[in-house]
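# Overview (structure and organization)
Listed here are the chains, written in short residue letters.
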Amino acid sequence: MIVLVKPSSQSSIKAMDGNQQKVEANILLLGAENVGKSALTVRFLTRRFIGEYGDIESIYSHIDKTDGREISLNIWDSLYPQSCESTESISDRQLHWADGVILVYSICDRSSFQVVQQQVQLIRQNRKMSSSIPIIIVGNKRDLLHQRAVPSEEGQLFARSADCGFFETSAAETYHGVLLVFHEILDLIKESRALKRGMIGIKGIVKSVSAVFGKKRE
Ligand SMILES: Nc1nc2c(ncn2[C@@H]2O[C@H](COP(=O)(O)OP(=O)(O)OP(=O)(O)O)[C@@H](O)[C@H]2O)c(=O)[nH]1
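Figured I'd write up the structure that's included with this text.

What counts as what
Along each chain, numbering runs from 1 in the same order as the chain's sequence is written. pLDDT decides what is reported in this predicted model: residues at 70 or higher carry local features, side-chain atom pairs at 80 or more are listed and counted, and totals for whole chains, interfaces and linings draw on all residues regardless. In this text, helices come from DSSP runs of H or I with a minimum length of four residues, and strands from runs of E with a minimum of two, each type numbered from the N-terminal end. Here the rule is simple: two strands pair whenever DSSP picks up at least two bridges between them. Any set of buried Ala, Val, Leu, Ile, Met, Phe, Trp, Tyr and Cys residues joined through C-beta atoms within 7 Å is what this text calls a nonpolar core. Whether a residue is buried, exposed or partly exposed is read from the other C-beta atoms within 10 Å of its own C-beta, which are placed from the backbone; 20 or more gives buried, 12 or fewer gives exposed, and intermediate counts give partly exposed. Remark: residues whose backbone-derived C-beta atoms lie within 7 Å of one another are considered to be in contact.

This part covers the environment of Asp55. Structurally, the position occupied by Asp55 is in the loop between α1 (37–46) and β3 (58–66). Taking the C-alpha atoms as reference, Asp55 lies 16 Å from Leu28; in sequence the two are 27 residues apart.

Two elements, β3 and strand β4 (residues 69–77), share 9 bridges in a ladder whose sense is antiparallel. Paired with Thr66 across the two strands is Arg69, which belongs to β4. In this antiparallel pair of consecutive strands, β3 and β4, the connection spans 2 residues, and Asp67 shows a positive phi of 50°.

A few words on unusual backbone geometry. With glycine set apart, most residues show a phi of negative sign, and most peptide bonds adopt trans. Residue Arg47 is not a glycine yet carries a positive backbone phi of 70°. Although it is not a glycine, Asp163 adopts a positive phi angle of roughly 60°. Here Asp163 shows up in the loop between α4 (152–161) and β7 (165–168).

Among the nonpolar cores identified, the biggest contains 49 residues, and Ile102, Leu103, Ile136, Ile137, Val138 and Ile185 are the most heavily contacted of them. For this core, the secondary structure elements donating two or more residues are β2 (22–31), α1, β4, β5 (100–106), α3 (110–125), β6 (135–140), β7 and α5 (175–217). Looking at this core element by element, the count peaks at 7 residues for α5. Residues contacting Ile137, with those up to four places away along its chain left out, are Leu103, Val116, Gly155, Ala159, Cys164 and Phe166.

Here we take up the environment of Arg43. Note that Arg43 resides in helix α1. Judged by the 25 C-beta atoms lying within 10 Å of it, Arg43 falls in the buried class. When the C-alpha positions of Arg43 and His176 are compared, they lie 9.4 Å apart, and in sequence the two are 133 residues distant. When neighbours within four sequence positions are excluded, Arg43 is seen to be in contact with Arg48, Phe49, Ala171, Tyr175 and Val178.

Spatial relationships are all this shows, so hold off on functional conclusions.
Below, the structure is given as structure tokens:
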């Protein structure tokens, strides 16, 4: 089932516990214009490549089942603002909303790779909420190898240096390649949440221990 939600709506979907059956996540797609953000989203949701997508910013809600578990996904297919500085290309609202980010460039368009590099830095520098948010970088339009402007190794190296996942794929050619991208971001979101739960657990233990020893010292 796919439901279109207005981008302005704040999702209440945040809770996920390793022991619960229901998994929920907000995924934000960023990148320059014309790189295939909508094509990747629509391919994942419908298995189809329809060619033209228009300039509509949307959040899609999608319920799916993987490994017997129900997954509730919200996918924000963003528009790259045409008339703004790169420093304003991601809003705090988007980062606050997202549990994971997919950054897309076209392997045929070097400037779109540069946009991704800038956007990774913006996200990693935003210490308030997103310095450790899971990110996957996707080099799209892999079917257009003869027009390649960004070598695969360059994308891979950059992703590794920025602690991001990396895929090259073609929304036009493959559904399974696109599926891998979305499954990987979901796995990273799960890992990140498990890590946070662990940190909170450790903090709780430290608090209790210091409370006990603190009292003894008084
Ligand atoms: N050859 C090829 N074309 C693609 C691929 N993915 C998308 N396109 C084409 O690239 C153009 C832009 O695709 P969109 O999905 O609209 O790109 P977008 O990043 O959402 O663009 P904006 O809405 O402007 O931000 C369309 O003409 C698509 O058909 C791909 O994997 N291969």
